[in-house]
Amino acid sequence: MSAIKFMVLAVILFGATACGDTWGQRAVTGGAIGAGSGAVVGGATGVGVLPGALIGGAVGAGVGAATTPER
């Protein structure tokens, strides 16, 4: 992956990190961001795109749900 493609992907992912106000919204957006990031990292490291996406999605959903702001 070229450096420009990586930077564009990073900007998109970082721009979507704060999406969602409820527990469910944050879990879904966190899972989607984690799956995308995990697929990229898994493909780049040789782990594999699918295992990287699965692990990243699970971790992202957990972190997104755990960081829901209190009202």
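This section reports on the structure supplied with the text.

What counts, and where the lines are drawn
Residues numbered from 1 in each chain as written. Predicted model: local features only at pLDDT ≥ 70, side-chain atom pairs only at ≥ 80, totals over all residues. Heavy atoms only, no water. Helix = DSSP H or I, 4+ residues; strand = E, 2+ residues; numbered from the N terminus. Buried < 20%, exposed > 50% of the residue type's maximum accessible area, 1.4 Å probe, protein only. Areas by Shrake-Rupley, 256 points an atom, 1.4 Å probe, with all protein chains shown as cover. Expected span 1.5 Å × (residues − 1). Arc of directions from axis to C-beta. Contact = heavy atoms within 4.5 Å.

## Section: the overall build of the protein chain
Part 1: Each helix and strand in the protein chain was counted, giving three helices and zero strands.
Part 2: Evaluated residue by residue, the protein chain yields a buried proportion of 27% over its 71 residues.
Part 3: When the accessible surface of the protein chain is totalled, it reaches about 4,700 Å², and 75% of it is carbon and sulfur.

## Here's the deal with helix α3 (residues 49-66)
Part 1: Along its 18 residues, α3 runs 25 Å from first to last C-alpha, staying within 8% of the 26 Å computed at 1.5 Å per residue.
Part 2: Among the residues of α3, Gly-52, Ala-53, Gly-56, Gly-57, Gly-60, Gly-64 and Ala-65 are the ones counted as buried. Within α3, the buried residues cover an arc of 165 degrees as seen down the axis, which keeps them to one side. Exposed and oriented more than 90 degrees from the buried face of α3 are Leu-54, Ile-55, Ala-58, Val-59 and Ala-66.
Part 3: Tucked into the core, α3 has its buried residues touching α2 (23-45).

## Some thoughts on the environment of Gly-64
Part 1: Assignment of secondary structure puts Gly-64 in helix α3.
Part 2: Note on Gly-64: relative accessible area 8%, which makes it buried.
Part 3: Apart from the residues lying within four places of it in its own chain, the contact partners of Gly-64 are Arg-26 and Ala-27.

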